[in-house]
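So the chains spell out like this:
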Amino acid sequence: MALRCIHTAILGALLLAPAAACAGPACAVDTAQLVAAWESDGEGDFEQFELSRRDGRNGFDSWLHERPEMLGGTWRFDPKTCRLRIDHAATGQHWQYAVDMTDAKTLLLRAPDERRSARYRKIANGR
């Protein structure tokens with residue numbers, strides 16, 4: 001009887017292992033970590049940008065050569081999929097990225113059609 005229980009437990013673990021492997025790693029990025037001003041380390045869609053949180057609204061602004069580029073955008077982050085979406089209604093543009101952080105001051109954004117992630121470093125805490 002005990003041997004049957006052990007075999008059943010082992011078989012159950014083996015059957016569940018592929019499902020756990022396919023689920024992939026959980027998102028390690030918290031929404032609050034994104035609220036900051038960021039600067040590109042070279043490549044990326046934005047030279048500098050800020051993801052802010054004011055009055056319950058997620059705001060997006062970007063700068064190019066230290067001058068405003070796009071102001072008044074919005075953003076949302078799905079912590080289940082680690083996906084960030086930025087929308088700029090005035091221009092009709094939107095961007096989607098897979099998000100990762102190597103540490104608290106390094107943000108990696110990868111567009112769906114890119115193989116490599118753009119690297120951004122934190123330059124200020126967000127509002």
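Above this text is the structure in question.
Quick look at the structure, then. In this text the structure is predicted, and so the values were computed from the model without any measurement.

1. Remarks on the nonpolar core
Across soluble globular proteins, nonpolar side chains show a tendency to be buried alongside one another.
Thinking step 1. Among the nonpolar cores identified, the biggest contains 24 residues, and Leu34, Phe46, Phe49, Trp75, Leu84, Ile86 and Leu107 are the most heavily contacted of them.
Thinking step 2. Looking at this core, the elements that each hand over two or more residues are strand S1 (36-40), strand S2 (48-54), strand S4 (67-78), strand S5 (83-88), strand S6 (93-103), strand S7 (106-110) and strand S8 (118-125).
Thinking step 3. Sort the elements by how many residues they give to this core and S6 lands first, with four residues.

2. A look at the layout of surface pockets
One simple way to see leftover space: roll a probe sized like a water molecule over the atoms.
Thinking step 1. The calculated volume of the largest pocket comes to roughly 280 Å³.
Thinking step 2. The wall of the largest pocket is formed by 15 residues, among which Glu43, Gly44, Arg116, Ser117 and Ala118 lie closest to the centre.
Thinking step 3. Tallied by class, residues from the lining of the largest pocket come to four nonpolar, three polar and eight charged.

3. As for unusual backbone geometry
Only a minority of non-glycine residues have a phi that is not negative, and only a minority of peptide bonds are not trans.
Thinking step 1. Positioned with a positive phi, histidine 65 is a non-glycine residue whose angle comes to about 55°.
Thinking step 2. Relative to the assigned elements, histidine 65 resides in the loop between strand S3 (57-64) and S4.
Thinking step 3. Unusually for a residue other than glycine, cysteine 82 sits at a positive phi of about 60°.
Thinking step 4. Tracing the chain through its elements places cysteine 82 in the loop between S4 and S5.
Thinking step 5. When its relative accessible area of 10% is taken as the criterion, cysteine 82 is described as buried.

What counts as what
Residues numbered from 1 in each chain as written. Predicted model: local features only at pLDDT ≥ 70, side-chain atom pairs only at ≥ 80, totals over all residues. Heavy atoms only, no water. Core = buried A, V, L, I, M, F, W, Y, C linked by side-chain atoms within 4.5 Å. Buried < 20%, exposed > 50% of the residue type's maximum accessible area, 1.4 Å probe, protein only. Helix = DSSP H or I, 4+ residues; strand = E, 2+ residues; numbered from the N terminus. 1 Å grid on protein atoms, 1.4 Å probe; cavity = no way out; pocket = protein on both sides within 12 Å on 5 of 7 lines; lining within 4 Å. Points joined across faces, edges and corners; volume = space filled by probe spheres on them. Nonpolar A, V, L, I, M, F, W, Y, C, P; charged D, E, K, R; others polar.

Everything listed is a geometric property; what it means functionally is a separate question.
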